[in-house]
Amino acid sequence: MNYLNKNLKRVKGFVLPVVLMVMVVLSILFISIITIAQSNTKQITTQEDNLRAYYLARSGIDIAYAALMEEKDGDLKIYKFIKDTKDTLTHKNLALPNEIDPVGYVDIEISKEDDEIKIRAAAKTAKESGTSSLSLYIDKNNLSRTRWIKE
């Protein structure tokens, strides 16, 4: 019986370090999972904001392009801009989709570059966590020839 009591005391003393070790391992695992989840959430939020900014820039270019392709006095405004002495037109802080509830803001610049018209839009989300710059180049001699550049 004495022999049994000695072994039982050894087993009881062994359980505490094992339980502590298991708790430490589980705590490290739990903290790792939480950290990875937070990192992934932050990365997804950043990607969403940058995508919003890209589409804001794209919308700004579409608005500028539509304005240039309007007819005024029987001629497209883009031809008047090409002939004009002014080399650049700008519009700062255009709120999209509207002033009351903007998703973000776009700066638009239209300029003449060699044989092309460049429409550049720099967008930022309302929280200013996402940004994007995009340019559309339009050939002066053939308005249907365009190219996009993401900056």
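Read on for a plain summary of the structure.

### Comments concerning the side chain of Thr125
Turning to step 1, where the next piece is worked out: Looking at the element boundaries, Thr125 is found in strand β5 (residues 116–125).
Turning to step 2, where the next piece is worked out: Separated by 3.3 Å, the side chain of Thr125 and the backbone nitrogen of Ser129 make a polar contact.
Turning to step 3, where the next piece is worked out: Excluding anything up to four places from it in sequence, Thr125 contacts Asp49, Arg52, Ala53, Leu56, Val103, Gly104 and Gly130.

### Some thoughts on the packing of aromatic side chains
Turning to step 1, where the next piece is worked out: Tallying each qualifying case throughout the model produces 1 aromatic pair.
Turning to step 2, where the next piece is worked out: Their ring planes at 80° and their centres at 5.1 Å tell us that Tyr54 and Tyr55 sit as a pair that is edge-to-face.
Turning to step 3, where the next piece is worked out: The ring of Trp148 carries the charged tip of Arg58 above its face, separated from the ring centre by 4.0 Å.
Turning to step 4, where the next piece is worked out: Between the NZ or CZ atom of Arg147 and the centre of the ring of Tyr137, over which it lies, the distance is 4.1 Å.

### Some points on the nonpolar core
Turning to step 1, where the next piece is worked out: Formed by 20 residues in total, the largest nonpolar core has its most connected members in Val106, Ile108, Ile110, Ile117, Ile119 and Ile138.
Turning to step 2, where the next piece is worked out: Breaking this core down by element, the ones donating at least two residues are α1 (2–68), α2 (77–83), β3 (88–96), β4 (104–113), β5 and β6 (131–139).
Turning to step 3, where the next piece is worked out: The leading source of residues in this core is α1, at 5 residues.
Turning to step 4, where the next piece is worked out: What Ile110 contacts, discounting residues up to four positions off in sequence, is Ala64, Leu68, Phe81, Asp87, Thr88, Leu89, Ile117, Lys118 and Ile119.

What counts as what
The written sequence of each chain sets the order in which its residues are numbered from 1. At least 70 in pLDDT is required for a residue's local features to be given in this predicted model, at least 80 for side-chain atom pairs to be given and counted, and no such filter applies to totals for whole chains, interfaces and linings, which use all residues. In computing side-chain properties, one takes all heavy atoms of the structure into account and sets aside hydrogens as well as water. Helix and strand assignments follow DSSP, with helices taken as H or I runs no shorter than four residues and strands as E runs no shorter than two, numbered in order from the N terminus. Side-chain atoms alone can form a polar contact between residues adjacent in sequence; in general such a contact is a pair of N or O atoms within 3.5 Å, and within protein one must be able to donate a hydrogen while the other accepts it. Here, residues are in contact when the closest pair of their heavy atoms is within 4.5 Å. Any two of the Phe, Tyr and Trp rings considered here, Trp counted by its six-membered ring, make a pair once their centres fall within 6.5 Å; the pair's planes then place it as stacked at under 30 degrees, edge-to-face at over 60, or tilted in between. Two thresholds decide whether a charge sits over a ring: the Lys NZ or Arg CZ must be within 6 Å of the ring centre and within 35 degrees of the ring normal. We define a nonpolar core as any set of buried Ala, Val, Leu, Ile, Met, Phe, Trp, Tyr and Cys residues linked to one another through side-chain atoms lying within 4.5 Å. Partly exposed residues are those whose accessible area sits between 20% and 50% of the maximum for their type, while under 20% is buried and over 50% is exposed, using a 1.4 Å probe and protein chains only.

Everything listed here is a matter of geometry and, on its own, says nothing about what the molecule does.
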